[in-house]
Amino acid sequence: MRDLGSHASRGKQSVQSRLNELIGGYGYGVLEVPVLEATELFLRKSGGALASQMYSFTDPGSNSVSLRPEFTSAIMRHYLETTSGAATDSVKRWQYAGPVFRYDPDNVASNGQFTQVGAELIGSRSTLADAELLSLAAGVPATLGIADYRVRVADLDVLDGVLDTVGLSDRARSFIVANMNRISSNQSTMSAILQRAAELHIASGRDVLPEEKRPGRRGFRPPR
């Protein structure tokens, strides 16, 4: 956790303001979610992969709670709570900005609190939604004056199709998705990833532990 002086604070606020304006121009309204949520909310999304990175504790009411390590889980919780009984084709566009808290044993310099800015488009399977978010993603570096950049695209439907063939549990799928960037960027981390999977009781050696298989689903995960 670090203090920010006047110069650094102004710089952060300037970047955040420009990104908020960019995302708002695409019709994304601001959604604020709590800094503190039930621990289980984040573990369900990550398959337990975030367990060692979260700042968690038991509150005075004996509830297991955590400082948010990311925004998507809370935004999906809000979507499900507020669209209950509504039309199934309800499309929501939300942007978010604020502090998140994460401990990373592989990168001590990034531990603690940092600011995350992003957008979520929920409820649409249209290819136009994909195009919209790709345009938005490309607009981020352009807005910040960054010329040398690449946009990397991932399709979770393709990955889900591959994982369907081996009958993995929901927790195992979530763990794989959460670690895809580490797997693709540095093959030498595979041993550490497999060890972490064993510690979470997701896998033992090459065998995935038997758990409930999740029902098939389709979804779209926008860039952050």
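Our structure is the block above this text.
Residues numbered from 1 in each chain as written. Predicted model: local features only at pLDDT ≥ 70, side-chain atom pairs only at ≥ 80, totals over all residues. Heavy atoms only, no water.

Undergrad: How would you sum up the environment of leucine 19? Please name residues and give values.
TA: Position of leucine 19 relative to the elements: it lies in helix 1 (residues 6-24). Beyond its immediate sequence surroundings of up to four residues, leucine 19 is in contact with Val117, Val140 and Leu144. (Helix = DSSP H or I, 4+ residues; strand = E, 2+ residues; numbered from the N terminus. Contact = heavy atoms within 4.5 Å.)

Undergrad: Got a sec to walk through the packing of aromatic side chains? Specific residues and values, please.
TA: Aromatic ring pairs are described here by two measures, namely the spacing of the ring centres and the angle between the planes. Within the structure shown, the criterion is met by two aromatic pairs. Both rings, one in phenylalanine 71 and one in tyrosine 96, keep their centres 4.4 Å apart while their planes meet at 20°; by these two values the pair is stacked. Residue phenylalanine 71 is located in the loop between strand 4 (64-67) and helix 3 (72-82), and its partner tyrosine 96 is located in strand 5 (residues 92-102); the two are separated by 25 residues in the primary sequence. Taken as a pair, phenylalanine 71 and tyrosine 96 share a single burial class, namely buried. Ring centres of tyrosine 79 and tryptophan 94 lie 6.4 Å apart, and the angle between their planes is 75°; on these two criteria the pair is classed as edge-to-face. Here tryptophan 94 lies in strand 5 and tyrosine 79 lies in helix 3, a separation of 15 residues in the sequence. With relative accessibility at 10%, the residue tyrosine 79 sits in the buried group. (Phe/Tyr/Trp six-rings, centres within 6.5 Å; stacked < 30°, edge-to-face > 60°. Buried < 20%, exposed > 50% of the residue type's maximum accessible area, 1.4 Å probe, protein only.)

Undergrad: Describe the packing of helix 5 (residues 156-164) against helix 6 (residues 170-178), and please don't skip the residues or the numbers.
TA: Helix 6 packs onto helix 5 with a crossing angle of 135° between their chain directions and a minimal axis gap of 12 Å. Between helix 5 and helix 6, the angle falls in the class oblique. Of the two possible hands of crossing, helix 5 and helix 6 adopt the one that is right-handed. Residue-level inspection shows Leu156, Leu159, Asp160, Leu163 and Asp164 of helix 5 in contact with helix 6, the latter providing Arg173, Ile176 and Val177. (Axes fitted to C-alpha atoms, helices over the stretch in contact; angles between N-to-C directions. Parallel < 35°, antiparallel > 145°, perpendicular 65-115°, else oblique. Left-handed = near helix turned anticlockwise from the far one by under 90°.)

Undergrad: Account for a nonpolar patch on the surface, naming residues and giving values.
TA: There is a patch of nonpolar side chains on the surface, built from Leu134, Ile146, Tyr149, Val151 and Val153 and spanning about 430 Å² of accessible area. Mapped onto the elements of the fold, valine 151 is located in the loop between helix 4 (127-143) and helix 5. (Patch = residues over 30% accessible without salt bridge, like charges linked within 9 Å, V, L, I, M, F, W, Y side chains within 5 Å. Areas by Shrake-Rupley, 256 points an atom, 1.4 Å probe, with all protein chains shown as cover. Salt bridge = Lys/Arg side-chain N within 4 Å of Asp/Glu carboxyl O.)

Undergrad: Tell me about the packing of helix 2 (residues 39-46) against helix 3, and name the residues and values.
TA: Taken N-terminus to C-terminus, the directions of helix 2 and helix 3 make an angle of 105°; their axes are 9 Å apart at the nearest point. Comparing the axis directions of helix 2 and helix 3 gives the class roughly perpendicular. Contact with helix 2, carried on its side by Leu41, Phe42 and Lys45, involves Thr72, Ser73, Ala74 and Arg77 of helix 3 and no other residues of that element. Partitioning the contact of helix 2 with helix 3 into residue classes produces three nonpolar, two polar and two charged. (Nonpolar A, V, L, I, M, F, W, Y, C, P; charged D, E, K, R; others polar.)

Undergrad: Give a description of the sheet that holds strand 2 (residues 36-38) that names residues and reports values.
TA: With antiparallel pairing, the three strands of this open sheet are ordered in space as 2-4-3. One side of each edge strand has no neighbouring strand; the edge strands of this open sheet are strand 2 and strand 3 (56-58). Between one strand axis and the next, the sheet turns by 35° as a mean value, whatever way the strands run. Sheet analysis places strand 2 next to strand 4, joined by three bridges and oriented antiparallel. Bridging across to strand 4, glutamate 37 finds its partner in serine 66. (Pairing = 2+ DSSP bridges.)

Undergrad: Tell me about the sheet that holds strand 5, residues and numbers included.
TA: If you trace the three strands from one edge of the open sheet to the other, you get 1-5-6, paired in mixed fashion. One side of each edge strand has no neighbouring strand; the edge strands of this open sheet are strand 1 (29-30) and strand 6 (112-122). By the bridge criterion, two bridges tie strand 1 to strand 5 in an arrangement that is parallel. Along strand 5, the bridge assignment pairs glycine 29 with tryptophan 94. Running over the sheet, helix 1 touches strand 5 and strand 6 and is turned about 5° from strand 6.

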